[in-house]
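Examination of the molecular architecture
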Amino acid sequence: MTWKTPSNPRVRDDGWRLTHLGRLMGHALRRFDERVLERMTHDPQAPLALSHLAARGQVGAAIVHITRHLPLQGARLTALAHSAGMSKQAMGDLVDQCEAWGLVRREPDPLDARAKRIVFTPAGLDWLEAFRLAVAQTEAEFRDAVGEQVATVVALGLEAYAQGN
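Below is a short write-up of the structure.

Cut-offs and rules
- Residues numbered from 1 in each chain as written.
- Predicted model: local features only at pLDDT ≥ 70, side-chain atom pairs only at ≥ 80, totals over all residues.
- Heavy atoms only, no water.
- Helix = DSSP H or I, 4+ residues; strand = E, 2+ residues; numbered from the N terminus.
- Buried < 20%, exposed > 50% of the residue type's maximum accessible area, 1.4 Å probe, protein only.
- Contact = heavy atoms within 4.5 Å.
- Areas by Shrake-Rupley, 256 points an atom, 1.4 Å probe, with all protein chains shown as cover.
- Pairing = 2+ DSSP bridges.
- Salt bridge = Lys/Arg side-chain N within 4 Å of Asp/Glu carboxyl O.
- Axes fitted to C-alpha atoms, helices over the stretch in contact; angles between N-to-C directions.
- Parallel < 35°, antiparallel > 145°, perpendicular 65-115°, else oblique.
- Left-handed = near helix turned anticlockwise from the far one by under 90°.
- Nonpolar A, V, L, I, M, F, W, Y, C, P; charged D, E, K, R; others polar.
- Polar contact = N/O pair within 3.5 Å; in protein donor to acceptor, adjacent residues only side chain to side chain.
- Expected span 1.5 Å × (residues − 1).
- Arc of directions from axis to C-beta.

With respect to the overall build of the protein chain
Scanning the protein chain for helices and strands turns up 8 helices and 2 strands. In sequence order, the protein chain lays out its α and β elements as α-α-α-α-α-α-β-β-α-α. Split into buried and exposed, the 165 residues of the protein chain put 28% on the buried side. Looking at the protein chain alone, contacts between residues at least 24 apart form 54% of all its contacts between residues at least 6 apart. As displayed, the protein chain has an accessible area near 11,100 Å², and 57% of this comes from carbon and sulfur atoms.

Given below as structure tokens:
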């Protein structure tokens with residue numbers, strides 16, 4: 001079956017779909033997260049069981065949502081989901097998974113006895129430190145790949161864009 005180019009001149013060339021900024025940022029983010037998780041598989045700071053899971057590809061980028069968005073003092077599930085841009089149900093499933101791995105636990109919220117806060121466990125804090133180191137190494141790899149000046153401009157541009165400036 002041959003696909004015919006539409007007669008509408010506005011849609012004759014669809015190459016833009018492969019090179020637009022959103023797509024490039026998505027690919028870059030996936031590559032960055034994959035490199036971070038790859039580095040964590042070899043980090044002695046990371047809990048051994050999680051390193052093995054990451055090495056077998058069983059710790060996906062979804063766990064990065066917890067690692068990136070859970071404050072050190074903990075957070076309620078709704079706040080964590082909002083911060084990560086996920087539904088409460090999806091974040092709840094992710095918290096359940098991370099709780100089973102020993103990264104986080106639910107504990108009573110000191111401000112509201114009816115509510116629970118998600119907090120890092122000691123193993124979760126070890127994971128967070130290994131994540132911090134892996135991010136720093138991956139950022140250095142990015143800087144080496146594109147050069148210091150380009151990396152600085154990219155970081156400043158993404159920060160401004162993310163803040164809505």
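Here we look at the pairing of strand β2 (residues 112-120)
Here 6 bridges tie strand β1 (residues 104-109) to β2, and the two strands are oriented antiparallel to one another. Following the sheet pairing, Glu 107 is matched in β2 by Arg 117. Here β1 folds back onto β2 in antiparallel fashion, the turn holding 2 residues.

Digging into the pattern of salt bridges
Under the criterion given, the structure shown has 13 salt bridges. Here Glu 141 makes a salt bridge to Arg 39, at a shortest N to O gap of 2.9 Å. Taken as a pair, Glu 141 in helix α7 (residues 122-146) and Arg 39 in helix α2 (residues 21-40) lie far apart in primary sequence, 102 residues in all. Residue Arg 114 pairs with Asp 112 through a salt bridge whose shortest N-O separation is 3.1 Å. Judged by its relative accessible area of 18%, Asp 112 falls in the buried class.

Examining the packing of α2 against α7
Where α2 meets α7, the axes come as close as 8 Å, and the angle between the chain directions of the two elements is 125°. Looking at the two axes, α2 sits oblique to α7. Considering how the two elements wind past one another, α2 and α7 form a crossing that is right-handed. Across the interface between the two elements, Phe 32, Arg 35, Val 36, Leu 37, Arg 39 and Met 40 from α2 touch Trp 127, Ala 130, Phe 131, Ala 134, Val 135, Gln 137, Thr 138, Glu 139 and Glu 141 from α7. Residues that form the contact of α2 with α7 fall into these classes: 9 nonpolar, 2 polar and 4 charged.

Topic: the side chain of Asp 33
Mapped onto the elements of the fold, Asp 33 is located in helix α2. Residue Asp 33 is classed as buried on the basis of its relative accessible area, which comes to 7%. Polar side-chain contacts of Asp 33 include one of 2.4 Å to the side chain of Arg 68.

Some remarks on the packing of helix α5 (residues 77-84) against helix α6 (residues 88-100)
Closest axis-to-axis distance for the α5/α6 pair is 9 Å, and the angle between their directions is 105°. Here α5 lies roughly perpendicular to α6, going by the angle between them. Facing Leu 77, Thr 78, Leu 80, Ala 81 and Ala 84 of α5, the residues of α6 in contact are Lys 88, Met 91, Gly 92 and Val 95. Within the contact of α5 with α6, the residues separate by chemical class into 6 nonpolar, 2 polar and 1 charged.

So, α6
Helix length check: α6 (13 residues) gives 18 Å between terminal C-alpha atoms against 18 Å at 1.5 Å per residue, within 8%. Of the positions making up α6, those classed as buried are Met 91, Gly 92, Leu 94, Val 95 and Cys 98. Summarising the axial view, the buried residues of α6 lie within an arc of 165°, below the 170-degree limit, and thus occupy one face. Exposed side of α6, more than 90 degrees from the buried face: Gln 89 and Ala 100 are the residues found there. Gly 102, located one to two residues past α6, shows a positive phi value of around 85°.

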